[in-house]
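# Structural overview
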Amino acid sequence: MGNLSLLTLNCFGAPGFNTSQRLRHLVQELNQRAYSVVCLQEVQMHRYRRLLMNGCRDRYPAQVCQPFIHAPMGGLLTLAQPTIESFRFFLFQERGLWYTPAVADWILHKGILVSQLHIESIPVRVLNTHLTANYTGDWGKNNPFARQEHGELMQLAEMVQQQPREALVLVCGDFNIPRGSWLYESFLAASGLMDPLLGDTRPTFRPHGAIFGRYALPIDYALVRAPEGRPVTVESELRFEDKVLVGNHEKHLSDHYGVELRVAWS
């Protein structure tokens, strides 16, 4: 028997007056929960990357990201307890509409961070990603942001199909597309991945400030492709939905909720 646990979270690591406090509390949570693999998105400064890596080093000694100018490329950071044997970062071929609010995604150089490891003799591939945001809240087929996301999803699906059939493939991150949309359906069909939370309409994004409530949707995912010829059981749940005490105030750890995944095989 073998098993693996994974958490994916857009940690909202953008410059802010309480970002360091929130991330320190996140470090405590991650160390206590002891996942096999943790995939973080939106680590937008090297200061926050160092905070997360240094704070988690004892529990998660395997730590990978693609170095970049002001932050990890794509804002992606993957932590693991088992050894990460190799990793590569793949830039999205179409990097976004620089003349729109998506210029922030363009500057961050979004893409896919692929980690290779073994757990209980099973080869595992972990694809950590963060797609371009949709700043209109319209995922119709004619929307330019939706078309951009579709191109990124097809690149991601092609990369999934390139992974060895004997490998357990885990694809996770902030996709910025709602569950049940045409983008979601076309991606699952093209990639061959399974969504353990299929049909779950609970939002994973928690709008705040001036952002309208229509953005409160399930847009974060932890998806699975089982190794060929080896059945697996999969469980998934949302995490970090409640406020925690950060300093002297109760706050959410992020503007997203985490998605926890547990996979077991015989």
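Each remark here, short or long, concerns the structure printed above.
The notes below deal with the structure included here.

Conventions and cut-offs
Residues numbered from 1 in each chain as written. Predicted model: local features only at pLDDT ≥ 70, side-chain atom pairs only at ≥ 80, totals over all residues. Heavy atoms only, no water. Patch = residues over 30% accessible without salt bridge, like charges linked within 9 Å, V, L, I, M, F, W, Y side chains within 5 Å. Areas by Shrake-Rupley, 256 points an atom, 1.4 Å probe, with all protein chains shown as cover. Salt bridge = Lys/Arg side-chain N within 4 Å of Asp/Glu carboxyl O. Helix = DSSP H or I, 4+ residues; strand = E, 2+ residues; numbered from the N terminus. Pairing = 2+ DSSP bridges. Axes fitted to C-alpha atoms, helices over the stretch in contact; angles between N-to-C directions. Contact = heavy atoms within 4.5 Å. Buried < 20%, exposed > 50% of the residue type's maximum accessible area, 1.4 Å probe, protein only. Phe/Tyr/Trp six-rings, centres within 6.5 Å; stacked < 30°, edge-to-face > 60°. Core = buried A, V, L, I, M, F, W, Y, C linked by side-chain atoms within 4.5 Å. Lys, Arg positive; Asp, Glu negative; His and termini not counted.

### Considering a nonpolar patch on the surface
A cluster of nonpolar side chains, namely Val103, Trp106 and Ile107, defines an oily patch on the protein surface of about 230 Å² accessible area. Secondary-structure assignment places Val103 in helix α3 (residues 103–108).

### Points about the sheet that holds strand β10 (residues 232–239)
Here 6 strands make up an open sheet; going across it, the order is β3-β4-β2-β1-β13-β10 and the pairing mixed. In this open sheet, the two strands that pair with only one neighbour each are β3 (62–64) and β10. Neighbour-to-neighbour, the strand axes of this sheet turn through a mean angle of 15°, independent of strand direction. The sheet contact formed by strand β2 (residues 37–43) and strand β4 (residues 77–80) spans 4 bridges and is antiparallel. Note on β4: the bridge partner recorded for Val37 is Ala80. In this fold helix α1 (residues 19–33) packs onto β1 (2–13), β2 and β10, with an angle of close to 175° to the strand it touches most, β1.

### Quick notes on the pattern of salt bridges
Summed over all chains, the structure comprises 6 salt bridges. Asp195 is paired through a salt bridge with Arg179; the nearest N and O atoms lie 2.8 Å apart. Residue Asp195 is located in the loop between α5 (182–191) and β9 (220–225), and its partner Arg179 is located in the loop between β8 (168–174) and α5; the two are separated by 16 residues in the primary sequence. Of the two residues, Asp195 and Arg179, neither departs from the other in class, the shared state being buried. Of the charged contacts in the structure, one is a salt bridge between Glu237 and Arg202, with a shortest N-O distance of 2.8 Å. Here the residue Glu237 occupies a position in strand β10, and Arg202 occupies one in the loop between α5 and β9, the gap between them amounting to 35 residues. Arg202 gets classed as partly exposed once you look at its relative accessible area, which sits at 31%. Linked by salt bridges that have partners in common, Asp200, Arg202 and Glu237 make up one network.

### Quick word on the environment of Gln28
Following the sequence through the fold, Gln28 ends up in helix α1. The spatial distance from the C-alpha of Gln28 to the C-alpha of Pro15 is 20 Å, given a sequence separation of 13 residues.

### Quick look at the sheet that holds strand β5 (residues 84–91)
Hydrogen bonds between backbone groups are what pair the strands of a sheet, and the pairing can be parallel or antiparallel. Strand order in the open sheet made by the 5 strands is β5-β6-β7-β8-β9, with mixed pairing throughout. Sheet topology places β5 and β9 at the edges, where each strand pairs with a single neighbour. Across the sheet, the axes of successive neighbouring strands diverge by a mean angle of 15°, strand direction being ignored. In the packing of helix α4 (residues 144–161) onto the sheet, the strands contacted are β5, β6 (111–119), β7 (122–130), β8 and β9, and the crossing angle to β7 comes to about 170°.

### Quick notes on the packing of aromatic side chains
Scanning the model with the defined rule gives 4 aromatic pairs in all. Ring centres of Phe175 and Phe187 lie 5.7 Å apart, and the angle between their planes is 80°; on these two criteria the pair is classed as edge-to-face. Here the residue Phe175 occupies a position in the loop between β8 and α5, and Phe187 occupies one in helix α5, the gap between them amounting to 12 residues. Each member of the pair, Phe175 as well as Phe187, is classed as buried. In this structure an aromatic cluster arises from ring pairing among Phe175, Tyr184, Phe187 and Tyr221.

### Considerations on the nonpolar core
Judged by nonpolar contacts, the single largest core of 29 residues is most densely connected at Leu4, Leu6, Val124, Val126, Leu168 and Leu170. Considering each element in turn, this core owes the most residues, 4 residues, to strand β13 (residues 258–265). Excluding its chain neighbours within four sequence positions, the residues that come into contact with Val126 are Leu6, Val37, Cys39, Leu113, Val114, Ser115, Leu117 and Leu170.

### Re the side chain of Glu152
Mapping Glu152 onto the fold places it in helix α4. No salt bridge is formed by the buried Glu152. Its closest oppositely charged neighbour is Lys110, at 7.1 Å. The residues touching Glu152, leaving out its near neighbours within four places in the chain, are Phe92, Glu94, Leu131 and Thr132.

### Observations concerning the pairing of β9
Taken across its 6 residues, β9 has 6 buried, putting it largely inside the fold. Where burial is concerned, the two faces of β9 agree: the one with Asp220, Ala222 and Val224 and the one with Tyr221, Leu223 and Arg225 are both buried. Sheet topology places β8 next to β9; 6 bridges connect them, and they run antiparallel. Across the sheet, residue Val169 finds its bridge partner in β9, namely Arg225.

Nothing here speaks to function; it is all geometry.
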